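Residue strings, one per chain:
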Amino acid sequence: MTTPRLLHTTGGPLLTALLLLTGYASAQPPPLTLTLLCEGLADPNGLVIGSGGVLYGTTNAGGGIGQAYSLTPPVSPGAPWTYTVLHNFAGPDGALPTGVLAIGRGGVLYGVTHLGGGGNCYPEGCGVVYALIPPASSGGTWSFRVPYRFMTDASSRPAGVVVGAGGVLYGSTTYGHGTLFSLTPPASPGGAWTYAQLYSFTGGSGGAGYGTVFALAPPASPGGSWTIAVLYRFTGGSSGVSPSGVVIGKDGVLYGVMAQGGNPSCSTTYLSGCGTVFAVAPPSSPGGPWVFRTLYSFTGGNDGSNPSGVVIGKNGGLVGTASLGGPSVYNGTVFSLTPPDSPGGSWTETTVTVSLAYPTAPILEMWCLGPMARYRARSAMTQAVRPGVAECSR
């Protein structure tokens, strides 16, 4: 086993979620099968898989300025998935949650909001790291905590966190060229978490400027500098644009999504192409090149468009979200990608829809706005959405 490293992607100046990389070997991923699990989540972020196959995620639009939710699988195949709201963000506790949630000890969910929470980042706030603590008994209310608030522009606009050894959280910020940081939990309950900046990006070009996959190795001795290594430089075009964070699969293969690009016949929000799911396989020998492959290109139809991220599920399949598309066009989807029984097998698609307990019409009017303008617009909305349950039904 190699020394643990932090693994990450950049998409121009945008930095996304991190992972812990413990080792890798050469492998080539097979083609995948696409199945839609849920539609209508209104600007969802990526998902994480918890105990019992429950999916946890966040949306930018639910509740006005963001929402955390769970999707519980049905007891019998083909029955509806159950959508449950865990928390609605209000601004002081954060706004516009982003990135993929991380599951810590005891099932605690950790995440970040891009804005809100206070600080001197006028006027939207600098963002927070938050924790959602599961109830003592099934069906109870989740507890919400804010372990850390970002207070200055120089280290603000967090993009995601992961949980490392000892419960340490590792994450990234996106203001300026971006940083990587750690948050160490207190020695005793109720104490303050300790923030440390691990690396500050310089803004150097990721090859053609489409971003990179990189690893960040810890110092050999405490107090030393972390070391960065670029594993792959994205090329854009049909391979996709705007990469998100990656997850580590069997044999060290990295999986991720491109929010745009891919299929040139699909016209989406900003660029040609509705996004892709990709894999980057490690070299067959140390020092060799990592190998990029597009696994799926979204069409903008029932399969969705502008994917937000993927996680690895049962039998090596991938589960993810798309922020647009689906039967309702603008509401987004939850999808799964399943490897075929044998390489080169056919693709199979199943569409499932959802009816959620909040209006989506105001969201459609905000798609041409940037994140900060969207936050201000949502903050002005007076209709509150209370935590509740909905079903993803066919």
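Residues numbered from 1 in each chain as written. Predicted model: local features only at pLDDT ≥ 70, side-chain atom pairs only at ≥ 80, totals over all residues. Heavy atoms only, no water.

## Examining the side chain of Q67
Right, so step 1: Structurally, Q67 is set in strand β7 (residues 67-72).
Right, so step 2: For Q67, a relative accessible area of 0% translates into the label buried.
Right, so step 3: Within the structure, Q67 has its side chain in polar contact with the side chain of Y83 (distance 2.6 Å).
Right, so step 4: Polar side-chain contacts of Q67 include one of 2.7 Å to the side chain of N88. (Helix = DSSP H or I, 4+ residues; strand = E, 2+ residues; numbered from the N terminus. Buried < 20%, exposed > 50% of the residue type's maximum accessible area, 1.4 Å probe, protein only. Polar contact = N/O pair within 3.5 Å; in protein donor to acceptor, adjacent residues only side chain to side chain.)

## A few points about the confidence of the model for the protein
Right, so step 1: Overall, the prediction assigns the protein a mean pLDDT of 74, with 71% of residues at 70 or greater.
Right, so step 2: Mean pLDDT in the protein bottoms out at helix α1 (residues 361-364), which sits at 25, and peaks at strand β11 (residues 128-133), which reaches 96.
Right, so step 3: Every residue in residues 11-32 is under pLDDT 50, and counting partners more than four places away or in other chains gives 103 contacts.
Right, so step 4: Taken together, the stretch residues 346-394 has pLDDT below 50 and engages in 121 contacts with residues farther than four places along the chain or on a different chain. (pLDDT = per-residue confidence, 0-100. Contact = heavy atoms within 4.5 Å.)

## Structural notes on the sheet that holds strand β9 (residues 95-103)
Pairing between the strands of a sheet is mediated by backbone hydrogen bonds and can be parallel or antiparallel.
Right, so step 1: The antiparallel open sheet is built from four strands, whose spatial order is β9-β10-β11-β12. Each of the sheet's edge strands pairs with one partner strand only, and the pair in question is β9 and β12 (143-149). Each adjacent strand pair in this sheet contributes to an overall mean axis angle of 30°, direction not counted.
Right, so step 2: Examined bridge by bridge, β9 and strand β10 (residues 109-115) share five bridges and lie antiparallel to one another. Looking across to β10, one finds that A95 is bridged to L115. (Pairing = 2+ DSSP bridges. Axes fitted to C-alpha atoms, helices over the stretch in contact; angles between N-to-C directions.)

## A word on the state of the cysteines
Right, so step 1: Taken as a whole and judged by the stated rule, the model has one disulfide.
Right, so step 2: Here C121 engages in a disulfide with C126; their sulfurs sit 1.9 Å apart. Because the torsion about its S-S bond is 100°, the bridge between C121 and C126 counts as right-handed. Neither residue differs from the other here; C121 and C126 are each classed as buried. (Disulfide = S-S within 2.5 Å.)

## Here we look at the environment of A279
Right, so step 1: Structurally, A279 is set in strand β22 (residues 276-281).
Right, so step 2: For the pair formed by A279 and V253, sequence separation is 26 residues and the distance between their alpha carbons is 6.7 Å.

## Notes on the sheet that holds strand β16 (residues 194-200)
Right, so step 1: If you trace the four strands from one edge of the open sheet to the other, you get β13-β14-β15-β16, paired in antiparallel fashion. Two strands lie at the open edges of the sheet, namely β13 (158-163) and β16, each paired on one side alone. Strand-to-strand, the axes of this sheet are offset by a mean angle of 25°, without reference to chain direction.
Right, so step 2: Note that β13 and strand β14 (residues 169-173) share five bridges and pair antiparallel. Residue V161 lies in a different strand from β14, and its bridge partner there is G171.

## Some words on the environment of T321
Right, so step 1: Mapped onto the secondary structure, T321 falls in strand β25 (residues 318-324).
Right, so step 2: Between the C-alpha atom of T321 and that of G332, which follows or precedes it by 11 residues, the distance is 7.2 Å.
Right, so step 3: Sequence-distant contacts of T321, that is, excluding residues within four places in its chain, are made with P44, N45, G46, L47, Y69, P307, S308, G309, T333, V334 and F335.

## What to know about the packing of aromatic side chains
Aromatic ring pairs: the centre-centre distance and the angle between the two ring planes describe each pair.
Right, so step 1: On inspection of all chains with the given rule, the structure shows 21 aromatic pairs.
Right, so step 2: Between F150 and F181, the ring centres sit 5.5 Å apart and the planes meet at 75°, which makes this aromatic pair edge-to-face. Placement of the pair is F150 in the loop between β12 and β13 and F181 in strand β15 (residues 179-184), with a sequence separation of 31 residues. Assigned by exposure class, F150 and F181 land together as buried.
Right, so step 3: Their ring planes at 70° and their centres at 5.4 Å tell us that F234 and F278 sit as a pair that is edge-to-face. Separated by 44 residues along the polypeptide, F234 in the loop between β18 (227-233) and β19 (241-243) and F278 in strand β22 bring together distant segments of the chain. Judged on exposure class, the residue F234 and its partner F278 are both buried.
Right, so step 4: Taken together, Y148, F150, F181 and Y195 form an aromatic cluster joined through their ring pairs. (Phe/Tyr/Trp six-rings, centres within 6.5 Å; stacked < 30°, edge-to-face > 60°.)

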